Amino acid sequence: VKEIEEAMLRGEIDIAVHSMKDVPTIFPEGLALRCITEREDVRDVVILRPGVDTWTNLPQGARIGTSALRRKSQLLHLRPDLQMVDIRGNVQTRLKKLTDENLDAIILAAAGMHRLGYDAQIGEYLPVDVSIPAIGQGALGIESRIDDDETNGLIDFFNHPDTDWAVRGERAFLKRLEGGCQVPIACHGTVDGDQLTLVGFVSDVDGVKCLKTSITGQVEECEKLGTSIADDLLIQGAGKILNEVYQHETFNVEKEDV
């Protein structure tokens, strides 16, 4: 992201297209997030080894591949017997590890699977109340120079209002918690008419200490709503949980949603 932004500031490129999961909450001077495109499927998916029909039917001690602490903590909260195995790489590499590393299942973003045409390999979609998505999951963002009126006028039609409100609310939540996409933080926004509902989640790595809250309000107040539920979780002890995570974990970043 940094290299792309530097090229934009030098005038070598006019826009940058990012997976919203990768976009920092603070932009360099002169640059801004101009558009957020209509969201793909926001859910996480399970790719299962042959012979298993659902992740809840996996045997005790089943080996699950994922790089995301967010996913690990939520699944361990429901199934503390599971063994979580770190896997890295792009979608193709991770899919191959299901067999190569003798895993029972791997967890990926539905958006990446859909975009790459791997729908047939999806064994199960995880409901958002089982695995709350990462901030911005499934959405693309377009960054540009603030003063480039010509380019901004050309790309404005890409912005999808409902997705924009939801993702901006999620990002305000993340910014307030001073977190990134590699920590056990999750937030999911949904728009119904002029109302935005945000569900926020913070956990320790093992899914033992979990905090969850929600809020609903006017879409125009999306960032205020995101900050508000973050403050609610901080009051409940989210700061202490996250500090413990930062002190003990080496982070991997969720990179397959591109």
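Residues numbered from 1 in each chain as written. Predicted model: local features only at pLDDT ≥ 70, side-chain atom pairs only at ≥ 80, totals over all residues. Heavy atoms only, no water.

Enquirer: What is the right way to read the sheet that holds strand β11 (residues 210-218) from this model?
Expert: Pairing between the strands of a sheet comes from backbone hydrogen bonds, and it takes one of two forms, parallel or antiparallel. Reading across the sheet, the three strands line up as β9-β10-β11 and stay open at both edges, with antiparallel pairing between neighbours. Taken across any chain shown, the strands that pair with only one partner, and hence form the sheet edges, are β9 (185-192) and β11. Pairs of neighbouring strands in the sheet enclose a mean axial angle of 15°, with direction left out of account. Pairing analysis gives eight bridges linking β9 to strand β10 (residues 195-203), with the strands arranged antiparallel. Each residue of the ladder has a partner; that of D192, found in β10, is Q195. In the packing of helix α7 (residues 222-236) onto the sheet, contacts are made with β9, β10 and β11, and the angle to β11 comes to roughly 150°. (Pairing = 2+ DSSP bridges. Helix = DSSP H or I, 4+ residues; strand = E, 2+ residues; numbered from the N terminus. Axes fitted to C-alpha atoms, helices over the stretch in contact; angles between N-to-C directions. Contact = heavy atoms within 4.5 Å.)

Enquirer: Which parts of the structure should I look at to understand the nonpolar core?
Expert: Core analysis: the biggest nonpolar cluster contains 21 residues, and F173, L177, I185, L196 and V202 have the highest contact counts within it. Residue assignment for this core shows that the elements contributing at least two residues are α6 (161-177), β9, β10, α7 and α8 (238-248). Counting residues per element, this core draws most heavily on α7, which supplies five residues. In contact with L177, not counting residues within four places along its chain, are I185, V202, A230, L234 and L242. Membership of the second largest hydrophobic core comes to 14 residues, among which are V52, W55, I64 and L75. (Core = buried A, V, L, I, M, F, W, Y, C linked by side-chain atoms within 4.5 Å. Buried < 20%, exposed > 50% of the residue type's maximum accessible area, 1.4 Å probe, protein only.)

Enquirer: It is not clear to me how the packing of α6 against α7 should be interpreted in this structure. Could you clarify?
Expert: Packed helices, taken two at a time, are described by their axes: the angle between them and the distance between them. One way to put it is that α6 packs onto α7 with a least axis distance of 7 Å and a crossing angle of 35°. The two elements α6 and α7 cross, and the hand of that crossing is right-handed. Taken together, the residues of α7 that come into contact with α6 (itself represented by W165, R168, G169, A172, F173, R176 and L177) are C222, E223, G226, T227, I229, A230, D231, L233 and L234. (Left-handed = near helix turned anticlockwise from the far one by under 90°.)

Enquirer: So what exactly am I meant to see when it comes to the pattern of salt bridges here?
Expert: Any two side chains of opposite charge can pair, so long as their charged atoms come close to each other. The tally for this structure, following the rule as stated, stands at 15 salt bridges. Its salt-bridge partner being R39, residue E170 comes within 2.8 Å of it at the nearest N-O pair. With a gap of 131 residues between them, E170 in helix α6 and R39 in the loop between β2 (31-36) and β3 (44-48) connect regions that are remote in the sequence. You can call E170 buried: its relative accessible area is 0%. (Salt bridge = Lys/Arg side-chain N within 4 Å of Asp/Glu carboxyl O.)

Enquirer: Hey, could you run me through the side chain of R39 in this one?
Expert: Looking at R39, the relative accessible area reads 18%, which means it is buried. A distance of 2.7 Å separates the side chain of R39 from the backbone oxygen of Q137, its partner in a polar contact. The residues touching R39, leaving out its near neighbours within four places in the chain, are A134, G136, Q137, G138, A139, T163, A166, V167, E170, H188 and G189. (Polar contact = N/O pair within 3.5 Å; in protein donor to acceptor, adjacent residues only side chain to side chain.)

Enquirer: How do you make sense of helix α1 (residues 2-9) when you look at a structure like this?
Expert: Three- or four-residue spacings in an α-helix give side chains the same orientation, since the helix completes a turn every 3.6 residues. Looking only at α1, the buried set comprises E5, A7 and M8. Projection of α1 onto a plane perpendicular to its axis shows the buried side chains occupying an angular sector of 160°, all on one side. Away from its buried face by more than 90 degrees, α1 exposes K2 and E3. Here the buried face of α1 lies against β1 (15-19), β2 and β8 (140-145). Just downstream of α1, G11 is the residue with a positive phi angle, here 85°. (Arc of directions from axis to C-beta.)

Enquirer: Please clarify how unusual backbone geometry should be interpreted in this entry.
Expert: In most cases, non-glycine residues show a negative phi, while peptide bonds are predominantly trans. A positive phi angle is found at N102, which is not glycine, with a value near 55°. You can see N102 is positioned in the loop between α3 (91-100) and β6 (105-109). Classification of N102 by relative accessible area gives exposed; the value is 61%.

Enquirer: What should I look at first to understand the sheet that holds β1 in this one?
Expert: Across the sheet, three strands lie side by side as β1-β8-β2; this open sheet has antiparallel pairing. What marks the edges here is a single partner per strand, and that holds for β1 and β2. Each adjacent strand pair in this sheet contributes to an overall mean axis angle of 30°, direction not counted. For β1 and β8, the ladder comprises five bridges, and the chain directions are antiparallel.

Enquirer: Would you mind showing me how to read the environment of V245 here?
Expert: Relative to the helices and strands, V245 resides in helix α8. Taking the C-alpha atoms as reference points, V245 and L78, separated by 167 residues in sequence, lie 20 Å from one another.

Enquirer: Help me understand a negative patch on the surface in this model?
Expert: A cluster of acidic residues, D192, D194, E220 and E221, forms a negative patch at the surface. Mapping E221 onto the fold places it in the loop between β11 and α7. Relative accessible area serves as the criterion here: at 37%, E221 is assigned to the partly exposed category. (Patch = residues over 30% accessible without salt bridge, like charges linked within 9 Å, V, L, I, M, F, W, Y side chains within 5 Å. Areas by Shrake-Rupley, 256 points an atom, 1.4 Å probe, with all protein chains shown as cover. Lys, Arg positive; Asp, Glu negative; His and termini not counted. Charge placed at Lys NZ, Arg CZ, Asp CG, Glu CD.)

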